[in-house]
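Here are the chains, one letter per residue:
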Amino acid sequence: MPVSTVDAPTAQLTNQDRCDRCSAQAYVRATIAGSDLLFCGHHFRAHEAGLTAAGAAIVDERHRIGE
Ligand SMILES: [Zn+2]
């Protein structure tokens, strides 16, 4: 399987990663000011605009929901 070296996430989220807001499985990591925030799909949608506006680096693995 080819692996892109461009914009590759440094660490894939696992089923041990939990949303900071509700403890559901996390599918999105947002890094801002050196801190990692983890979100489930629901809570990422709720905070996406603010995170993007704040310049957060987003690792979006929501395509894995349901796997
Ligand atoms: Zn959540």
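Here is what the cut-offs are and how they apply
Residues numbered from 1 in each chain as written. Predicted model: local features only at pLDDT ≥ 70, side-chain atom pairs only at ≥ 80, totals over all residues. Heavy atoms only, no water. Helix = DSSP H or I, 4+ residues; strand = E, 2+ residues; numbered from the N terminus. Buried < 20%, exposed > 50% of the residue type's maximum accessible area, 1.4 Å probe, protein only. Areas by Shrake-Rupley, 256 points an atom, 1.4 Å probe, with all protein chains shown as cover. Expected span 1.5 Å × (residues − 1). Bend = angle between axes of the 7 residues up to and from the residue. Contact = heavy atoms within 4.5 Å. Salt bridge = Lys/Arg side-chain N within 4 Å of Asp/Glu carboxyl O.

The name given to the protein in an unreviewed UniProt entry is DUF7455 domain-containing protein, with the source organism recorded as Cellulomonas flavigena.

K.L.:
I'm lost on the overall build of the protein in this one. Help?
P.N.:
When you go through the protein residue by residue, the secondary structure sums to one helix and three strands. Ordered by position from the N terminus, the helices and strands of the protein form the series β-β-α-β. Within the protein, the fraction of its 67 residues that count as buried is 28%. Put simply, the protein shows about 4600 Å² of open surface, and 51% of that area lies on carbon and sulfur atoms.

K.L.:
Would you take a moment to explain helix H1 (residues 41-53) for this structure?
P.N.:
For an α-helix the count is 3.6 residues per turn, leaving residues at separations of three or four pointing the same way. For H1, which comprises 13 residues, the first-to-last C-alpha distance of 18 Å matches the rise-based estimate of 18 Å (1.5 Å per residue) to within 8%. The largest bend along H1 measures about 55° and falls at His47. Of the residues making up H1, those classed as buried are Gly41, His43, Phe44 and Leu51. Structurally, H1 contributes buried residues whose contacts are with strand S1 (28-32), strand S2 (35-39) and strand S3 (57-60). Looking one or two residues beyond H1, the residue adopting positive phi is Gly55, at roughly 85°.

K.L.:
Honestly, the pattern of salt bridges in this entry has me stumped. Any pointers?
P.N.:
Opposite charge on two side chains permits them to pair, given that their charged atoms come into close proximity. Counted by the stated rule, this structure contains three salt bridges. Residue Arg29 is joined to Asp36 by a salt bridge in which the shortest nitrogen-to-oxygen separation is 3.2 Å. Judged by relative accessible area, which is 14%, Arg29 ranks as buried. You can call Asp36 partly exposed: its relative accessible area is 43%. Notably, a salt bridge pairs Glu61 with Arg64, separated by 2.5 Å at the nearest N-O pair. Judged on exposure class, the residue Glu61 and its partner Arg64 are both buried.

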